[in-house]
Amino acid sequence: MTDEERVARAALCRVVEPGDEHGGRWLRELGAVELLRRLTAEPYRSGSLTGASERRLQGYLARTARVRPRQDLELIGSLGGRFVVPGDAEWPGQLDDLGDARPVGLWLRGPADLRRWALRSVAVVGARACTPYGAHMAAALGAGLAERGWVVVSGAAFGIDGAAHRGALGAEGATVAVLACGVDVAYPRGHAGLIGRIAQQGLVVGELPPGDHPTPGRFLMRNRVIAALTRGTVVVEAAYRSGALATARDAQRLGRHTMGVPGAATSGLSAGVHELLRGGAVLVTDADDVAELVGDIGELAPDRRGPVVPRDLLDPVTARVLDALPPPGRAMTVPDVAANAGTSVDDALGRLYELHSLGHVERHGDIWRLTTTGEHHPDARRGGP
């Protein structure tokens, strides 16, 4: 990438809105230098840019008055940041999957290499007005993924985003905040400290040049970058109309993994997640589940099973003898136990003495019965009625 092309792309960041496929097509066909030349020519020659309405073209031309690429590049440099464009070693190739909606360039703050981090990254997104359950799950996912060497990507918003970032930071892991504004603008203001910490320990990323502020449309367009940048997207809590669901649907369209954390069936904040799960997303409950889905071969979640109770340690014949005894309060002779268990009297007697030594049964003369307390109660050994 030549210096002239880089400067032209920096200028176009103030002209072409994020996700604008008209601008992306012109950029692909003409290159940044030629596109900028045509937009800034005095006077603009009608027909030099095709496929857009006159009203849209006038919008582009009006925005060229804001172009100040050298100043923007100097400002990002003074902040310790940089401007990354396609063709740079740090450019994440997976963003090219966006086609003509690919970012013109990315403004970065932070010490890490974005391309390398994006290769092993997961997005964790969700509702701003989340529940305590949602915040807990997002923080646990952020910490768990960070501990497993995954980069946690989110949008630095209140609620789920912030909890996921804090979980990763608390585990001394890697996290990336993708903003819908300039990377020197703390939005929301209440997360100024969090965004500053991410810039020191991780990466703050944005399509918009320094000083630009967010708009509702820019938030929606920001979501496509989060989806494209990562291997998969986890939605923790989201109502039916939620930007987090837009991120997940972008991920599905791009062929990325899409996951959802279930919540209460009565919670409106989980309704969108449940709809996503019905539409083909994978249910996950912790970082192990996520890593197994998006990770490399061999990154398997541990086997899930309930607690081991004493009965689980018995061999099959001894367990059958235990099952042959009647409920607590009733007793049985050895021949009856043997008949119920389908074994010999001598074998049944030997098994009963073994069960007696383990505390499962009691002997009263010639009859035997179950103990009635603690872990040997039938609810514990049989799993309830």
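Everything quoted here is computed from the prediction, not taken from an experiment.

Parameters and conventions
Residues numbered from 1 in each chain as written. Predicted model: local features only at pLDDT ≥ 70, side-chain atom pairs only at ≥ 80, totals over all residues. Heavy atoms only, no water. 1 Å grid on protein atoms, 1.4 Å probe; cavity = no way out; pocket = protein on both sides within 12 Å on 5 of 7 lines; lining within 4 Å. Points joined across faces, edges and corners; volume = space filled by probe spheres on them. Nonpolar A, V, L, I, M, F, W, Y, C, P; charged D, E, K, R; others polar. Pairing = 2+ DSSP bridges. Helix = DSSP H or I, 4+ residues; strand = E, 2+ residues; numbered from the N terminus. Phe/Tyr/Trp six-rings, centres within 6.5 Å; stacked < 30°, edge-to-face > 60°. Buried < 20%, exposed > 50% of the residue type's maximum accessible area, 1.4 Å probe, protein only. Lys NZ or Arg CZ within 6 Å of the ring centre and 35° of its normal. Contact = heavy atoms within 4.5 Å. Salt bridge = Lys/Arg side-chain N within 4 Å of Asp/Glu carboxyl O.

**Student:** I would appreciate a short explanation of empty space enclosed by the protein in the present structure.
**Tutor:** Unoccupied space between atoms shows up once a probe the size of one water molecule is rolled over them. Tallying each qualifying case throughout the model produces one cavity of 30 Å³ or more. Space inside the largest cavity adds up to approximately 40 Å³. Lining the largest cavity, in full, are Pro18, Leu179, Ala180, Glu207, Leu208, Arg218 and Arg222. When grouped by side-chain class, the residues that make up the lining of the largest cavity number four nonpolar, no polar and three charged.

**Student:** Sorry if this is basic, but what is going on with the sheet that holds strand E10 (residues 332–333) here?
**Tutor:** Sheet strands associate in pairs through backbone hydrogen bonding, adopting either a parallel or an antiparallel arrangement. The three strands are arranged E10-E12-E11 in an open sheet whose pairing can be described as antiparallel. Here the strands that pair on one side only, and so sit at the sheet edges, are E10 and strand E11 (361–364). Two elements, E10 and strand E12 (residues 367–370), share two bridges in a ladder whose sense is antiparallel. Paired with Met332 across the strands is Trp368, a residue of E12.

**Student:** Would you explain the packing of aromatic side chains in this entry?
**Tutor:** Under the counting rule described, the total for this entry stands at four aromatic pairs. Consider the rings of Phe83 and Trp107, whose centres lie 4.2 Å apart with planes at 35°: the pair is tilted. Taken together, the positions of Phe83 in strand E1 (residues 82–84) and Trp107 in strand E2 (residues 106–109) put the pair 24 residues apart, joining distant regions of the chain. Each member of the pair, Phe83 as well as Trp107, carries the same accessibility label: buried. Ring geometry for Tyr353 versus Trp368: centroids 5.3 Å apart, planes at 90°, classification edge-to-face. You can see Tyr353 sitting in helix H16 (residues 345–357) and its partner Trp368 sitting in strand E12, a full 15 residues away along the chain. With a relative accessible area of 40%, Tyr353 lands in the partly exposed category. A cation sits over an aromatic face here: Arg120 above Trp150, 4.1 Å from the ring centre.

**Student:** Before we go on, may I ask you to explain the side chain of Glu5 in this structure?
**Tutor:** When you line up the elements, Glu5 lands in helix H1 (residues 3–12). Not counting residues within four places of it along the chain, the set of residues in contact with Glu5 comprises Gly31, Ala32 and Val33.

**Student:** Any chance you could explain the pattern of salt bridges here in plain terms?
**Tutor:** Close approach of charged atoms allows side chains with opposite charge to pair. The final tally for this structure, using the stated rule, is 23 salt bridges. With its nearest N and O atoms 2.8 Å apart, the salt bridge here joins Asp100 to Arg28. You can see Asp100 sitting in the loop between E1 and E2 and its partner Arg28 sitting in helix H2 (residues 21–30), a full 72 residues away along the chain. The exposed category is assigned to Arg28, whose relative accessible area is 53%. With a shortest N-O distance of 2.6 Å, Glu34 and Arg37 are connected by a salt bridge. Of the two residues, Glu34 and Arg37 are both situated in helix H3 (residues 32–40); the distance of three residues between them amounts to about one turn of the helix.

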